[in-house]
Amino acid sequence: MTDPRTTLPEGFLWGASTAAHQTEGANHNSDWWELEHLALEQGPGGHIEEPSGDACDSFHRWPEDMDLLAGFGFTDYRFSMEWARIEPAPGEISRAAIDHYRRMVEGAHQRGLRPLVTLNHFTTPRWFAARGSWYGEDAADRFARFAEAAAPVYADGVDHLCTINEPNMVAALLPVLAQAAAGTEAGGATEQLATTGIPEPDPHLTEALTRAHRRAVEAVKSHVPHVRTGWSVSVQACQALEGAEAAADAYSRPRQDVFLEAARDDDWLGVQTYTRIVVGPDGLLPVPDDAERTLTGWEFYPEALGEAVRRTAELAPGVPLVVTENGIATGDDTRRVAYTSGALAGLADAMADGIDVRGYFHWTALDNYEWGSYRPTFGLIAVDRTTFARTPKPSAGWLGAAGRDRRWPTA
Ligand code: FCB
């Protein structure tokens, strides 16, 4: 009998995660590229400190990235397709872009990596944003048509497809980003979670994203029925001080829970966890002064993953879970190993208690563009900002080897 606390279950996905805009570079036709440059024209003070520019140049260097990941021992790789490249103008599909992502799927398999492909990781084409983004009347139709057009990418060799990355963060932050574009923005996006928590999503946006997800699932399945579809939700561990259970529930419900419940009919559900939020009777508590903080200002709290996975399983009973993101922004790689081994211990415990988790993807492969700045370094691999040279950190080999050995890593 194998011990679930030491051995990875049969077929368990073991990978690193990336997103197109954060790694590819030169994503000129995306809403974020436009936003970054608008913000820079408006001068310092906003949450966008620098543009994404060439990012990690992974648009050209993806073979090297995959070689490294496979070499560490990973068996899976999560990346996203860039809608702005595939559909540069409404209804106009770039054959070359489709071929590019198809080559990535094939290139992953050639190296022994199973691809998990995301259709939308935050960025949209400029033309989609100009039509009101996810608020637009035909947003769900447009997204479903894109999903359909991208079918050659996932027609073969893709078992898991994520429609929308963190729809809950999109629903919370799209209005903030719209303010940033209009020059009236108040605070930072990534750091916001650590200070004031995320804003409450507009329910219309929540509904619009849910609709877009469902339409995309239909579109994907009508072309490639065997693909397992789901979406990935940002789920931070939400803790209530005594007597603040109702306040914690009121905080978590519109920001996390409704998105998890919306996945009850999906093939799988992605959990993306970094830290905890603690709610008292008067609302969110600040991170305590003596707590260790990461480069994003978030509390160093590895236990968050096990707690988030358990909570998710309660809200979406019976749906297989995949951890599609978990990681830490730090300049000290030994803290990455400490954080990740703590997170994985909590995950293994939850699984030993019967929670159905099918995989773990670490955020992220490369130090990359963290939505406004290159400062928060989440990568297993450092990237030289001038030469794009990749330098693996010790954590990369440590974490990857667990995939090859099929054993949970220990610090
Ligand atoms: C998640 C995003 C990912 C990255 C990490 C740190 O919210 O999906 O792109 O920014 O946080």
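Residues numbered from 1 in each chain as written. Predicted model: local features only at pLDDT ≥ 70, side-chain atom pairs only at ≥ 80, totals over all residues. Heavy atoms only, no water.

Caption draft 1: Spotlight on the environment of His47. Counting through the fold element by element, His47 comes out in the loop between helix H2 (31-41) and helix H3 (58-72). When the C-alpha positions of His47 and Gly379 are compared, they lie 21 Å apart, and in sequence the two are 332 residues distant. (Helix = DSSP H or I, 4+ residues; strand = E, 2+ residues; numbered from the N terminus.)

Caption draft 2: Here's a closer look at unusual backbone geometry. For the bond running from Trp363 to Thr364, omega is 15 degrees, close enough to zero to count as cis. By the secondary structure assignment, Thr364 is in the loop between strand E11 (357-363) and strand E12 (381-383). In this structure, Phe122 takes a positive phi of about 70 degrees despite not being glycine. Positive phi, close to 55 degrees, is recorded for Ser133, a residue that is not glycine. Under the relative-accessibility criterion, Ser133 is labelled buried at 8%. (Buried < 20%, exposed > 50% of the residue type's maximum accessible area, 1.4 Å probe, protein only.)

Caption draft 3: Structural context of the layout of surface pockets. Estimates place the volume of the largest pocket at around 730 Å³. Along the wall of the largest pocket there are 37 residues; nearest its centre are Trp32, Phe122, Leu173, Leu177 and Trp371. Taken together, the elements giving at least two residues each to the lining of the largest pocket come down to H2 and helix H9 (167-181). Per element, the largest residue contribution to the lining of the largest pocket is eight residues, and it comes from H9. (1 Å grid on protein atoms, 1.4 Å probe; cavity = no way out; pocket = protein on both sides within 12 Å on 5 of 7 lines; lining within 4 Å. Points joined across faces, edges and corners; volume = space filled by probe spheres on them.)

Caption draft 4: The site of the ligand, seen in detail. Taken together, Gln22, His121, Phe122, Asn165, Glu166, Gln272, Tyr274, Glu325, Trp363, Glu370, Trp371 and Phe378 make up all the residues around the ligand. Side-chain polar atom of Gln22 to an oxygen atom of the ligand: 2.7 Å apart, as the coordinates give it. Within the side chain of Glu166, a nitrogen or oxygen atom sits 2.5 Å from an oxygen atom of the ligand. In the complex, the protein chains occlude 94% of the 290 Å² of accessible area that the ligand would expose alone. (Near = heavy atom within 4 Å. Polar contact = N/O pair within 3.5 Å; in protein donor to acceptor, adjacent residues only side chain to side chain. Areas by Shrake-Rupley, 256 points an atom, 1.4 Å probe, with all protein chains shown as cover.)

Caption draft 5: Quick peek at the sheet that holds strand E9 (residues 283-284). Reading across the sheet, the three strands line up as E6-E8-E9 and stay open at both edges, with mixed pairing between neighbours. Looking at which strands have only one partner, the edges of the open sheet turn out to be strand E6 (237-240) and E9. One ladder, built from two bridges, connects strand E8 (residues 276-280) with E9; its direction is antiparallel. The partner of Gly280 across the bridge, within E9, is Gly283. Of the strands in this sheet, E6, E8 and E9 are in contact with helix H12 (residues 245-261), which crosses E8 at around 135 degrees. (Pairing = 2+ DSSP bridges. Contact = heavy atoms within 4.5 Å. Axes fitted to C-alpha atoms, helices over the stretch in contact; angles between N-to-C directions.)

Caption draft 6: Up close: the sheet that holds strand E4 (residues 160-165). Overall, parallel pairing links the eight strands, which are arranged E1-E2-E3-E4-E5-E7-E10-E11 in a closed barrel. Geometrically, the sheet is characterised by an average inter-axis angle of 25 degrees between neighbouring strands, direction not taken into account. Relative to strand E3 (residues 114-120), helix H5 (residues 95-110) is tilted by about 155 degrees, and along the sheet it contacts strand E2 (76-80) and E3.

Caption draft 7: Just the pattern of salt bridges, in detail. Evaluated as defined, the whole model comprises 24 salt bridges. The closest approach of N and O atoms between Asp76 and Arg114, which form a salt bridge, is 2.8 Å. Placement of the pair is Asp76 in strand E2 and Arg114 in strand E3, with a sequence separation of 38 residues. For Asp76, a relative accessible area of 2% corresponds to the buried category. One connected set of salt bridges, linked through shared partners, spans Asp141, Arg215 and Glu218. (Salt bridge = Lys/Arg side-chain N within 4 Å of Asp/Glu carboxyl O.)

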